[in-house]
Amino acid sequence: MNPQKKSREPLSENDCDFNVELNVPSEMDIIPLVVDLGTAMMKLRGYPGRDRDTIRLAIHETLVNAIQHGGSTKPDSRIRIRFYFKRSSFYTDIEDEGAGFDPDSLADPTCPENLMKPGGRGIFLVRNLTENFKITCLPKRGVRVTFSLGRKSEDEK
Amino acid sequence: MKIKNRERNGVTILDISGEITIGQGDVELRKEINDLIDKDIRKILLNLTRVSFIDSSGIGEIVRSMTTIQKHNGHLKLLGLEAKVRDLFTITRLITVFETFENEKEAVDSF
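In this text the structure is predicted, and so the values were computed from the model without any measurement.

Enquirer: Got a minute to help me understand the sheet that holds strand β1 (residues 19-25) of chain A in this structure?
Expert: Note: strands within a sheet are paired through backbone hydrogen bonds, in either parallel or antiparallel orientation. Residue and element names in this part refer to chain A. Pairing within the open sheet is antiparallel, and its 5 strands lie in the order β1-β2-β3-β5-β4. For this open sheet the edge positions go to β1 and β4 (131-138), each flanked by a neighbour on one side alone. The sheet shows a mean angle of 15° between the axes of neighbouring strands, direction not considered. Alignment of β1 against strand β2 (residues 78-86), held across 7 bridges, turns out to be antiparallel. For Asn19, the partnering residue across the bridge sits in β2 and is Tyr84. Lying over the sheet, helix α2 (residues 31-44) contacts β1, β2, β3 (89-96) and β5 (142-150), oriented at roughly 5° with respect to β2. Each of β2, β3 and β5 is contacted by helix α3 (residues 49-70), which is oriented at about 175° to β5, the strand it contacts most.

Here you go:
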């Protein structure tokens, strides 16, 4: 057996239960660390670069939203993140301590009246780029945003 | 993010490299556009060929740049949208409002 070669091979779906949970301060400086961890997990499982780029943007946008809107009124607020694999998809949960929001109430940035506005595209992009996008209100705790991305076939890499 | 400013046939080309994200690039781009407007420059080509990552704030800043220049009767066009960036402009339908080019000479000649 060549241990070096084995260490470079992606882990299979049947390997150990692989999930990581983080509890971090609600600060912008923390975003690159969290993004790098999530995309590194995907790389370890053999997800192609294009998928990792998609999730990089999704994690980044959701964290920015959580920091700007979720914890802005509370000092020392926290964000909880969970990365995990389920079947052939990589899942992300991001929980903040904010009041939450209804994604259906967000203005559609592709409408003509909104198209040239500078803001309002963050959650729209996450919703459109990922799968199983969901916002869950957590009573007295905040809001959880969940999204996933399935592994593409070899042809799509 | 880095911005290099050069001129070709009366068109100011901003070669942007790195990431255009919230707090890292969006403010610099806004300042650069405002400086060009102050210098009466009205033909601006944003070269995004070497942009490795852009978020919604970066996209928003490009939109803001466009509206700022249009208010001053100028034109802003985009050069070299890499596949990931083009995807974002397509999803947000901004691809319908920006003139985009793959070739610099064609872009410059279009002004």
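The structure having been displayed, the exposition proceeds.
Enquirer: Before we go on, may I ask you to explain helix α4 (residues 122-129) of chain A in this structure?
Expert: Helical geometry: 3.6 residues make up each α-helical turn, so side chains three or four residues apart lie on a common side. Every buried residue of α4 of chain A is accounted for by Gly122, Ile123, Phe124, Leu125 and Val126 of chain A. Elements in contact with the buried residues of α4 of chain A: α3, β4 and β5 of chain A together with α2 (56-71) and α3 (83-91) of chain B.

Enquirer: I would appreciate a short explanation of the packing of aromatic side chains in the present structure.
Expert: What characterises a pair of aromatic rings is the spacing of the ring centres plus the angle enclosed by the ring planes. All names here are of chain A. Taken as a whole and assessed by the stated rule, the structure comprises 6 aromatic pairs over all chains. Relative to Phe85, the ring of Tyr47 has its centre 6.1 Å away and its plane inclined at 35°; by these criteria the two rings are tilted. Of this pair, Tyr47 sits in the loop between α2 and α3 while Phe85 sits in strand β2, placing them 38 residues apart in sequence. Note on accessibility: Tyr47 and Phe85 belong to one class, buried. An aromatic cluster is defined as three or more aromatic residues linked by ring pairs; in this entry it consists of Phe18, Tyr47, Phe83, Phe85 and Phe90. Positioned above the aromatic ring of Tyr84, the side-chain terminus of Arg82 is 4.1 Å from the ring centre.

Enquirer: I would appreciate a short explanation of the pattern of salt bridges in the present structure.
Expert: Two side chains of opposite charge can pair, provided their charged atoms sit close to one another. Residue and element names in this part refer to chain B. Overall, the coordinates contain 17 salt bridges over all chains when judged by the stated rule. For Glu104, the salt bridge goes to Arg8, with nearest N and O atoms at 2.8 Å. One end of the pair, Glu104, is in helix α4 (residues 104-109); the other, Arg8, is in strand β1 (residues 2-8), with 96 residues separating them in the sequence. When its relative accessible area of 17% is taken as the criterion, Glu104 is described as buried. For Glu99, the salt bridge goes to Lys77, with nearest N and O atoms at 3.3 Å. Residue Glu99 is located in the loop between α3 and β5 (100-101), and its partner Lys77 is located in strand β4 (residues 75-79); the two are separated by 22 residues in the primary sequence.

What counts, and at which threshold
- Residues numbered from 1 in each chain as written.
- Chains lettered and ligands numbered in written order.
- Predicted model: local features only at pLDDT ≥ 70, side-chain atom pairs only at ≥ 80, totals over all residues.
- Heavy atoms only, no water.
- Pairing = 2+ DSSP bridges.
- Helix = DSSP H or I, 4+ residues; strand = E, 2+ residues; numbered from the N terminus.
- Axes fitted to C-alpha atoms, helices over the stretch in contact; angles between N-to-C directions.
- Contact = heavy atoms within 4.5 Å.
- Buried < 20%, exposed > 50% of the residue type's maximum accessible area, 1.4 Å probe, protein only.
- Phe/Tyr/Trp six-rings, centres within 6.5 Å; stacked < 30°, edge-to-face > 60°.
- Lys NZ or Arg CZ within 6 Å of the ring centre and 35° of its normal.
- Salt bridge = Lys/Arg side-chain N within 4 Å of Asp/Glu carboxyl O.

So far we have only geometry, and geometry alone does not tell us how the molecule works.
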